[in-house]
Amino acid sequence: MRTLRGIYANIIIDISHESVDRVFQYRVPERLWGKLAAGQQVYIPFGAGNRRRKGYVVELTDRPEYEVSKLKEIEGIVRESVTAQSQLIWLAWWMKERYGSTMNQALKTVLPVKQKIKEAPKRQIRLIAKEDAFREALALAQRRKYSARLRLFSLLKEKNPVPYDQTVNRLNLTAAALRPLEETGLIRVEVVEKYRNPLLEMKRLLAGEREEAAEALPAAGWQPPVLNEQQRMVSQTICREYDQGIRRTCLIHGITGSGKTEVYMELISHVTAQEKQAILLIPEISLTWQTVMRFYLRFGNRVSVLHSRMSAGERYDQYERARTGDIDMIIGPRSALFAPFERLGLIIIDEEHENAYQSELAPRYDAREAAGELARISGALLVLGSATPSMESYTKALLGEYRLFKLTCRAKADAALAQTEIVDLREELRAKNRSIFSRRLKELLEDRLSKGEQSMLFINRRGYANFVSCRSCGEAIKCPHCDVTLTLHRDGSLMCHYCGHRIAQPKLCPACGSPYIAPFGTGTQKIEEMAAKMFPKARILRMDMDTTSKKGGHQEILSAFARGEADILIGTQMIVKGHDFPKVTLVGALAADLSLYAPHYQCSEETFELLTQAAGRAGRSSIPGNMVIQTYQPDHYSIQMAARQDYEGFYEQEMNYRRLLGYPPAVGLLTLQISDHREDRLDRAAGALAAMAETFPDRFPGKQIPFIGPVNAPVYKVNDIYRKILYIKNENYDILIHIRKMAEACLEGLEGVALQSDLDL
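All values reported here derive from a predicted model rather than from experimental measurement. (Residues numbered from 1 in each chain as written. Predicted model: local features only at pLDDT ≥ 70, side-chain atom pairs only at ≥ 80, totals over all residues. Heavy atoms only, no water.)

Participant: Talk me through the overall build of the protein; I want residue IDs and the actual numbers.
Facilitator: A tally of regular secondary structure across the protein gives 23 helices and 30 strands. Within the protein, the proportion of its 761 residues that are buried is 55%. A separation threshold of at least 6 residues defines the contact pool for the protein, and within that pool the share at least 24 residues apart is 74%. If you sum the accessible surface of the protein, you get close to 34400 Å²; carbon and sulfur atoms cover 49% of it. (Helix = DSSP H or I, 4+ residues; strand = E, 2+ residues; numbered from the N terminus. Buried < 20%, exposed > 50% of the residue type's maximum accessible area, 1.4 Å probe, protein only. Contact = heavy atoms within 4.5 Å. Areas by Shrake-Rupley, 256 points an atom, 1.4 Å probe, with all protein chains shown as cover.)

Participant: I'd like to hear about the state of the cysteines, residue by residue, with values.
Facilitator: All told, the structure shown has 0 disulfides when counted by the stated rule. Note on Cys-470: no disulfide assigned, nearest cysteine sulfur contributed by Cys-512 at a separation of 3.8 Å. The class of Cys-470 is buried, set by a relative accessible area of 1%. The thiol of Cys-509 is unpaired, and the distance to the nearest cysteine sulfur, on Cys-473, comes to 3.7 Å. Classification of Cys-509 by relative accessible area gives buried; the value is 4%. (Disulfide = S-S within 2.5 Å.)

Participant: Summarise the packing of aromatic side chains; cite the residues concerned and give the values.
Facilitator: Going through the model one piece at a time under the given rule, you end up with 17 aromatic pairs. Summarising the aromatic geometry, the rings of Phe-338 and Tyr-365 are spaced 5.6 Å apart at their centres and angled 65° between planes, so their arrangement reads as edge-to-face. On the criterion of sequence distance, the pair formed by Phe-338 in the loop between strand 12 (329-332) and strand 13 (344-350) and Tyr-365 in the loop between strand 13 and helix 12 (367-378) is long-range, its members being 27 residues apart. Taken individually, Phe-338 and Tyr-365 each receive the classification buried, so the pair is uniform in this respect. Site record: aromatic cluster; members linked through ring pairs are Tyr-394, Phe-608, Tyr-637, Tyr-647, Phe-650 and Tyr-651. A cation over a ring is seen here: Arg-52 above Tyr-43, with NZ or CZ 3.8 Å from the ring centre. (Phe/Tyr/Trp six-rings, centres within 6.5 Å; stacked < 30°, edge-to-face > 60°. Lys NZ or Arg CZ within 6 Å of the ring centre and 35° of its normal.)

Participant: For the packing of helix 13 (residues 391-398) against helix 20 (residues 647-661), give the residues involved together with the corresponding values.
Facilitator: Between helix 13 and helix 20, the least distance of the axes is 11 Å, while the angle of their chain directions is 100°. Judged by the angle between their axes, helix 13 and helix 20 are roughly perpendicular. Here Met-391, Glu-392, Tyr-394, Thr-395 and Leu-398 of helix 13 come into contact with helix 20, specifically with Tyr-647, Glu-648, Phe-650, Tyr-651, Glu-654, Met-655 and Arg-658. Looking at side-chain class alone, the contact of helix 13 with helix 20 contains 7 nonpolar, 1 polar and 4 charged residues. (Axes fitted to C-alpha atoms, helices over the stretch in contact; angles between N-to-C directions. Parallel < 35°, antiparallel > 145°, perpendicular 65-115°, else oblique. Nonpolar A, V, L, I, M, F, W, Y, C, P; charged D, E, K, R; others polar.)

Participant: Describe the nonpolar core, with residues and values.
Facilitator: Core analysis: the largest hydrophobic core is formed by 124 residues, its most contacted members being Ile-252, Leu-346, Ile-347, Phe-458, Leu-611 and Met-627. With 9 residues, helix 1 (residues 84-99) is the largest single contributor of residues to this core. Contact partners of Leu-346, with chain neighbours within four places excluded, come to Leu-267, Ile-268, Val-271, Gln-277, Ala-278, Ile-279, Ala-380, Leu-381 and Val-383. (Core = buried A, V, L, I, M, F, W, Y, C linked by side-chain atoms within 4.5 Å.)

Treat this as a map of the structure, not an account of what it does.
Right under this line is the structure:
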């Protein structure tokens, strides 16, 4: 940790989660100037009696918050090993500096659980009497015909202890009947202290009371799969370098079905054998029972899970299990990164390309970057994995900043990549087919239904915004200045949210003159109705936000599909992320190019990623698979490259586009968003930012710093809050950070205006 200068320190006295909001300020004695860092433990006098307590430095500043004469002075530094809490507080400070937020916001992010929420206590009845005393009590009960006691004694002879609630209900006992037995020392009613284990809950959600689910539970004698040559090479190389103390970030680029998960498990096993701990981040959308149980089979109760649908009490228990060393590994979305492991040795981020790793709330952190900093300060190794690495990560790998490993064949020797076909929806229209199902897709669906194989149909709605396109030629109406689609507003106008360009919605297609021009829109429910009408005998499941809103909804649907209870699974992109269904031999992308019309520069990358991931769901066993991509833009490079599973080809073409137009990772992009519930104040703030941007040539002589805006946000008004955005481009990270701090200072005196920033490099 780097030391910081500052003559006042804000300190948390008690690191218990409910005390995070309470910060006390102390003076830093001159002898400690330049020796303190965020997260460091110090001794301080506390309370009226000036009792010596330990506290954590959360921030160093030159600004006193109270009268200086009343501030107490730090006594000294605690000379002990750095704790997990110390590292997390340092990480909070780093996030505040990197992403622009208050320290309090950053602390609430890294220490997210506020208080312990107790589970209703579980009790058990234990027989504690010695054998002679028990025989006497049994004889007495028989003579006096105490039938309730006799039933209890009979049960305790078979099993000791027994669950309290089940026993009293089953044997029709009362507390009054048990009390004399407790008082005479025959039995003891005990409270069982136990952390809630969400893995057990996930198993219950899947199994219910069904016997057929028992075979899915961990079985004795289970052996991990044998790695192929490529998997062995990757895992052995990383483990060897780990043992040599090398902590260079690794990127595993493996095609879908190449067995990245088995490599992850080898790495985790190697690290935990050295009494280290591991964090596995996966997008929440992929956090299914199926995924987690693969790790549970290997690591048993030493692994746990975190996700947003757990109760606050369940989440608290998992953080406590991590803090106390009860577990060695935790699996979860980006918030699992902040599990308080004292001996963290490995962080793995699966599907590292996913937008889910980017926080939407302040601090708007990128979990990949935060994981890199946490790995640095804790001496851990960071491993990224994906079939479609993000442009940023792959660029770093090509530049040598990351260590690049490749898995180019599927893990199962008899499995091959799906055969992919592109269907031009313009040709379907010319052939008078106005159904959402192309003729080829319908033919393949009928074939799979006749064979008893399974199919998945998804509607690509990622990045979906209201846009207008032509069904005759497939062209969407784009901004002539920014190469992004224009967004349709309620007043009928089309607007670019990058530069403000606005036009009225045309009645004819500007490209071909066709009248078949309209906003695009459909949904999973409508697709389900059309599929049921076209295939009346098919068993169909739908998976979207409506059908998965209740707790365990994802697991119930996916588990039913895995058991073969449906022929067709219909959904949004959530159904094609990381799932492994051996019987699925057909995947259909119904509107593959929807995400190409999203009004941002990453739309081609997101389209390629999604289609490549979707193709990976078909043919994962010995039965060959097919994918059908239905599109109005069959010649677009992202669709062509996805059909060929050609990541390198896509990367080369996309990077040319990014360099030409000046987008990350070719250059850095700083996005400053301001918001206020009063539009007049927001306009004044936007004027202040625009004036600040005009000073760039004077403040940074010789530097080209293009900027766009401030313009209205893509959704200008949300919950009565108005929003504007300023975009600033430069390849120098330090310049962009300096500009962000300039913006913070520029808006400091404007009451009611909130500033959020994103920095993409």
